[in-house]
Structures are given as structure tokens and as C-alpha cells.
Amino acid sequence: MNFIKGILPWKRTLFISIAVLVILNIFSFYGLYTNKFYFFKIDNYIFPILTIVHFIFLYVLWFKIKEDELSDPPMRNLEYSLYIILFVYAYKLFDNLFILISYGEFENHLIPGTFLPLGILIFTLHLFLIGLTLLAFSYRKEVVGNYLFDDMNQHVDSWK
């Protein structure tokens, strides 16, 4: 883990996460079998809407690290919702893997030449996104701190 953190410090992790999210948001509208973009399918908007939570978490993490602040309940709620969204990322990863594995079943049909290169790219980006998300959780715990809310009320002066 220290080797990965040496290659990807927290700031680089945030920027690469943003880039991967933007690319995957574009590819969420792409159909591998047809080599076309589908903007009128409602299902294609689920992933970009869910990534809004990820973008907000990355901004909050950046802000907390830059301002040297402690974690707070809204950040905890964002992270917990991102845990659930991580399952959606894993679903998209396996869905893409299933599409790539099904390539042999359709060899008698006309499949675009971009099927395998773009499919492998999207699969790799989904895998990289899951790894970057887990790395961001690790940086939150290491740099910002744990979620200790039992001790938080002891530092508040109620007479001010």
C-alpha cells in the first residue's frame, strides 16, 4: 500500500479520480455493440447522477485536507453513501466484464472493430475507479482522521 501511496499521493489521487469519473460519465452513454452514443435512454443517466456524490466527496476531502480540518457528520454521511455507490461501480465493472466475455457468442454478427479496445478501456477505467475510491477512503482516514464524534462535544463551549 505504501508503494501505491508513493506513486499516487492524495492530490494526484483526487485529480485522477476526477478525470476517470468524467471519462466514465461520457462512456456511460456509449453502446459497445453498436458503436453509438445513446442520450435518450434513461438507464444511461444513472451512473452520472450517482457520480455527483463522488465529486462532492472528493471536493470535501480536498477542502478538509487543505484547511486542516477534522471530519464531521456531513462528510461521514457522504462517505457512507459512497460505500453504497461503490457497489454500483462494482456492478458496472462486472456488467462490462460480462459484455466483454460475450464477444465470442456474437462472432457471426457484425461487431464494430472498436468493441474490444473500448470495452477493455472501460473495464480498466471501472477497475481503476474502484481502486482510486478505496485509496481516497484511506487518505481520508490517514490525513483527515477517523470519525470520532463521542469526543466532539467536549470541545464545544456552550456559554459562547
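See the structure shown above.
Residues numbered from 1 in each chain as written. Predicted model: local features only at pLDDT ≥ 70, side-chain atom pairs only at ≥ 80, totals over all residues. Heavy atoms only, no water.

**Here's the deal with helix α3 (residues 46-67)**
In step 1: An ideal rise of 1.5 Å per residue puts 32 Å on 22 residues; α3 measures up with 33 Å between its terminal C-alpha atoms.
In step 2: Restricting attention to buried positions, one finds in α3 the residues Phe47, Pro48, Thr51, His54, Phe57, Leu58, Val60, Leu61, Lys64 and Ile65.
In step 3: Contacts made by the buried residues of α3 are with α2 (10-27), α4 (73-101) and α5 (115-144).
In step 4: Taken from the residues just after α3, Asp68 is the one with a positive phi, measuring 55 degrees. (Helix = DSSP H or I, 4+ residues; strand = E, 2+ residues; numbered from the N terminus. Expected span 1.5 Å × (residues − 1). Buried < 20%, exposed > 50% of the residue type's maximum accessible area, 1.4 Å probe, protein only. Contact = heavy atoms within 4.5 Å.)

**Concerning the nonpolar core**
In step 1: Counting 38 residues, the largest nonpolar core has Leu24, Leu32, Phe57, Leu61, Met75, Tyr89 and Leu129 as its most contacted members.
In step 2: Every element with two or more residues in this core is listed here: α2, α3, α4 and α5.
In step 3: Of all the elements, α5 adds the most residues to this core, at 12 residues.
In step 4: With sequence-adjacent residues up to four places away left out, Tyr89 is seen in contact with Leu21, Phe47, Thr51, His54, His126, Leu129, Ile130 and Thr133. (Core = buried A, V, L, I, M, F, W, Y, C linked by side-chain atoms within 4.5 Å.)

**Side note on the packing of α3 against α5**
In step 1: Running from N to C, α3 and α5 cross one another at 30 degrees; their axes reach a closest spacing of 11 Å. In terms of their interaxial angle, α3 and α5 are classed as roughly parallel. The crossing of α3 and α5 is left-handed. Contacts from Phe47, His54, Phe57, Leu61, Lys64 and Ile65 of α3 reach α5 at His126, Leu129, Thr133, Ala136, Phe137, Arg140, Val143 and Val144.
In step 2: Looking at side-chain class alone, the contact of α3 with α5 contains 9 nonpolar, 3 polar and 2 charged residues. (Axes fitted to C-alpha atoms, helices over the stretch in contact; angles between N-to-C directions. Parallel < 35°, antiparallel > 145°, perpendicular 65-115°, else oblique. Left-handed = near helix turned anticlockwise from the far one by under 90°. Nonpolar A, V, L, I, M, F, W, Y, C, P; charged D, E, K, R; others polar.)

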